[in-house]
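Take a look at the letters that make up each chain.
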Amino acid sequence: MTDAKPDVLGQSLADLIVAQIAQRNANELRAILSTGNEITMHGKFTVGRDFIIYRTAKDDSGKWAMTPFAHIVQLII
């Protein structure tokens, strides 16, 4: 038997983030990572159960990147 709590927690976190993005019409998120680095995420976000996919630049020429929730200490929407 496996423990489903991490999956439920991850999905709940994803749902909260998606709701906040929609409510605020956000196209930029900032995150402080466990490494101490701060990143800025741009564009229309794809929020999965365990990660956020985003563009690394403000324009359409930006490359896609993925940041797992496990690496995010603080998310600023």
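The present account deals with the structure reproduced in this document.

1. Considerations on the overall build of the protein chain
So, step 1. Per the secondary structure count, the protein chain includes 1 helix and 5 strands.
So, step 2. Each principal axis of the C-alpha distribution contributes one length, and for the protein chain these read about 45 × 30 × 20 Å.
So, step 3. Here the protein chain, with 77 residues, has 29% of them falling under the buried criterion.
So, step 4. In the protein chain, once contacts between residues fewer than 6 apart in sequence are set aside, the share between residues at least 24 apart is 36%.
So, step 5. Measuring between centres, the 8 positive side-chain charges of the protein chain sit 4 Å from its 8 negative side-chain charges.

2. Things to note about the nonpolar core
So, step 1. Ranked by size, the top nonpolar core spans 16 residues in total, and within it I21, M41, F45, V47, I52, Y54 and F69 carry the most contacts.
So, step 2. At the level of elements, α1 (5-24), β1 (28-33), β2 (38-47) and β3 (51-55) are the ones that each hand at least two residues to this core.
So, step 3. Ranked by residue count, the leading element in this core is β2, at 4 residues.
So, step 4. Residues in contact with F69, not counting those within four places in the same chain, are G10, L13, A14, I17, V47, G48, R49, D50, F51 and I52.

Rules behind the numbers
Residues numbered from 1 in each chain as written. Predicted model: local features only at pLDDT ≥ 70, side-chain atom pairs only at ≥ 80, totals over all residues. Heavy atoms only, no water. Helix = DSSP H or I, 4+ residues; strand = E, 2+ residues; numbered from the N terminus. Buried < 20%, exposed > 50% of the residue type's maximum accessible area, 1.4 Å probe, protein only. Contact = heavy atoms within 4.5 Å. Lys, Arg positive; Asp, Glu negative; His and termini not counted. Charge placed at Lys NZ, Arg CZ, Asp CG, Glu CD. Core = buried A, V, L, I, M, F, W, Y, C linked by side-chain atoms within 4.5 Å.

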